Amino acid sequence: MTVLNPGGRDPEQRFDTIPAPGEGAHPPINFHAFAACTLGAFRFNPRRAIAEDTPVLLLLRGDFRASERALADLKKQGRTIAVSLKETGLHQIAQQLCDRAKLARFMKIVAEADGCIATTPEAAELYQRVRSTQNPATVAFIPTPYPIEDSPWNLSVASTERAGIFVGTREWDVPSRNHFAALLVARQLCEATGEPVTVVNLDGHKGRRLLDELKFPEGKLRLIEKWKSYPDYLRDVARHKIVLQLDRSHVPGQVAGDALLCRIACVGGDGAIERIAFSKTCGESRTINDLASMALHLLGNADLRAAVVAESQQRALERLSFQAVRSQLAEFFAQIEQR
């Protein structure tokens, strides 16, 4: 499969093999993972996407003009085309579609494509309503895959090397992320257990001042303040006992995907991957108090953490691995090609 992000900034990339951590222009995650799991290509140039001579997943981004032109070009060449919004959190969808011109293009593109792939169940419901007069089988929820069956992507460390809480969110100004609330819970857990807390702060002095107001116990707050490569970031995550977040954005779920690669427990969040792999510890239908209590139990019980990780790996192998999602994509494109 070819993933086309027309006019995007990510470099073009062929996935003849699954790159190991640190190899290739972009790690095989998010939409790149759809190309990687099918040993396909990620393109930003429509002509090169056409030359691949494969089914295409066309991403909708920006003002959708480039996506609209790419759709027309692909249809002229007889390609089978599925479309997806590039940003699919509920708040992101709302932000993108509050402009009349963009909404008109979105409605037109979704209606004219052969099908839609949604990386969240909520986005799938949205596409189905836009395409209400067409076959429901032309819309599919297919979660973004992770190469968990590929041994180089097992970034776990020994349990004796793990300590503390990694806060999975970092955006103070997106209400549905609930970052402030997650930090308060992390501080409470730190005070109760003595476990250190790691927070990503890419807001510089402003972020440090905000964190100073929370008054974490002395020496217990660690900040990551520089951009790291994805493998190095995962190695940081892997050194913790749990990942904690209170996100309510219904995103695809990269925080949980990162936890899968690190083989650690993820608490909170209602992303698609959280709900699939960490159904017993995700934030869906649970209160902040429920999640805080759950995190407290996990921090103090290594066997419980191991059980959560084992279950998440099994669920991921069945539904989120490269092999599993490759099968889902093959079935979906076979259906829409037969229309």
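How each quantity is defined
Residues numbered from 1 in each chain as written. Predicted model: local features only at pLDDT ≥ 70, side-chain atom pairs only at ≥ 80, totals over all residues. Heavy atoms only, no water. Helix = DSSP H or I, 4+ residues; strand = E, 2+ residues; numbered from the N terminus. Rg over C-alpha atoms; globule rule 2.2 N^0.38 Å. Contact = heavy atoms within 4.5 Å. Pairing = 2+ DSSP bridges. Axes fitted to C-alpha atoms, helices over the stretch in contact; angles between N-to-C directions. Core = buried A, V, L, I, M, F, W, Y, C linked by side-chain atoms within 4.5 Å. Buried < 20%, exposed > 50% of the residue type's maximum accessible area, 1.4 Å probe, protein only. Phe/Tyr/Trp six-rings, centres within 6.5 Å; stacked < 30°, edge-to-face > 60°. Lys NZ or Arg CZ within 6 Å of the ring centre and 35° of its normal. Parallel < 35°, antiparallel > 145°, perpendicular 65-115°, else oblique. Nonpolar A, V, L, I, M, F, W, Y, C, P; charged D, E, K, R; others polar. Salt bridge = Lys/Arg side-chain N within 4 Å of Asp/Glu carboxyl O. Expected span 1.5 Å × (residues − 1).

Draft legend 1. Here's a closer look at the overall build of the protein chain. Per the secondary structure count, the protein chain includes 14 helices and 12 strands. By the compact-globule yardstick of 20 Å for 339 residues, the protein chain fits well, its C-alpha radius of gyration being 20 Å. Dimensions of the protein chain, computed from the C-alpha atoms along their principal axes, are close to 65 × 40 × 35 Å. Restricting to contacts in the protein chain with at least 6 residues of sequence separation, those with at least 24 account for 70%.

Draft legend 2. Focus on the sheet that holds strand 10 (residues 221-224). Read from one edge of the open sheet, five strands run 10-9-8-11-12, paired in parallel fashion. The sheet terminates laterally at strand 10 and strand 12 (265-267), the two strands that pair on one side only. Averaged over all pairs of adjacent strands, the angle between their axes in this sheet comes to 25 degrees, without regard to strand direction. Alignment of strand 9 (residues 197-200) against strand 10, held across four bridges, turns out to be parallel. Note on strand 10: the bridge partner recorded for Val 200 is Ile 224.

Draft legend 3. Examining the nonpolar core more closely. Val 197, Tyr 230, Leu 234, Ile 242, Leu 244, Leu 260 and Phe 278 are the most contacted members of the largest nonpolar core, which totals 53 residues. Looking at which element gives the most residues to this core, the answer is helix 7 (residues 179-193), with seven residues. Those residues in contact with Leu 244 that lie beyond four places of it in its chain are Ile 165, Phe 166, Val 167, Gly 168, Ala 182, Val 185, Ala 186, Leu 189, Val 267 and Ala 295. Counting 25 residues, the second-largest nonpolar core is a separate cluster that includes Val 56, Ile 81, Leu 85 and Ala 113.

Draft legend 4. Looking closely at the sheet that holds strand 7 (residues 139-141). In spatial order, the strands read 2-3-1-4-5-6-7; together these seven strands make up an open sheet with mixed pairing. Looking at which strands have only one partner, the edges of the open sheet turn out to be strand 2 (13-14) and strand 7. Pairing geometry for strand 4 (residues 56-60) and strand 5 (residues 81-85), over five bridges, is parallel. Paired with Leu 59 across the two strands is Ser 84, which belongs to strand 5. Sitting on the sheet, helix 1 (residues 30-37) touches strand 1 (2-4), strand 2, strand 3 (41-43), strand 4, strand 5 and strand 6 (115-118), and the angle it makes with strand 3 is about 140 degrees.

Draft legend 5. View of the packing of aromatic side chains. Applying the stated rule across the entire model yields six aromatic pairs. Taking the centre distance of 6.3 Å and the plane angle of 40 degrees together, the rings of Phe 64 and Phe 106 count as tilted. One end of the pair, Phe 64, is in the loop between strand 4 and helix 3 (65-76); the other, Phe 106, is in helix 5 (residues 100-112), with 42 residues separating them in the sequence. Accessibility assignment for this pair places Phe 64 and Phe 106 in one class, buried. Consider the rings of Phe 106 and Tyr 127, whose centres lie 6.4 Å apart with planes at 40 degrees: the pair is tilted. Taken together, the positions of Phe 106 in helix 5 and Tyr 127 in helix 6 (residues 121-130) put the pair 21 residues apart, joining distant regions of the chain. Feature note: the residues Phe 64, Phe 106 and Tyr 127 constitute an aromatic cluster, connected by ring pairs. It is Arg 48 that lies over the ring of Phe 44; its NZ or CZ is 5.9 Å from the centre.

Draft legend 6. Looking closely at the packing of helix 5 against helix 6. Interhelical geometry of helix 5 versus helix 6 gives an angle of 85 degrees and a closest axis separation of 9 Å. The orientation of helix 5 with respect to helix 6, classified from their angle, is roughly perpendicular. Taking contact as the criterion, the partners of Phe 106, Met 107 and Val 110 in helix 5 are, on helix 6, Leu 126, Tyr 127 and Val 130. For the contact of helix 5 with helix 6, the per-class residue count stands at six nonpolar, no polar and no charged.

Draft legend 7. Focus on the environment of Leu 90. Within the secondary structure layout, Leu 90 lies in helix 4 (residues 90-96). Among the residues examined, Leu 90 registers a relative accessible area of 40% and is labelled partly exposed. Once residues lying within four places of it in the same chain are set aside, the contact partners of Leu 90 are Glu 122, Ser 249 and His 250.

Draft legend 8. Looking closely at the pattern of salt bridges. One pass over the full model with this rule turns up 21 salt bridges. Its salt-bridge partner being Asp 232, residue Arg 235 comes within 2.9 Å of it at the nearest N-O pair. Of this pair, Arg 235 and Asp 232 are both found in helix 9 (residues 230-237), three residues apart, which corresponds to roughly one turn of the helix. Salt bridges linked by common partners bring Glu 12, Arg 14, Asp 16, Arg 43, Arg 48 and Glu 52 together as one network.

Draft legend 9. Geometry of helix 7. Its 15 residues place the ends of helix 7 21 Å apart at the C-alpha level, agreeing with the 21 Å of an ideal helix rising 1.5 Å per residue. Those residues of helix 7 that sit buried are His 179, Ala 181, Ala 182, Leu 183, Val 185, Ala 186, Leu 189 and Cys 190. Of the surrounding elements, those touching the buried residues of helix 7 are strand 8 (165-167), strand 9, helix 8 (204-214), strand 11 (242-244) and helix 12 (288-299). Positive backbone phi, approximately 80 degrees, marks Gly 194, located one or two places after helix 7.

Bear in mind that shape data such as this cannot, by itself, settle questions of function.
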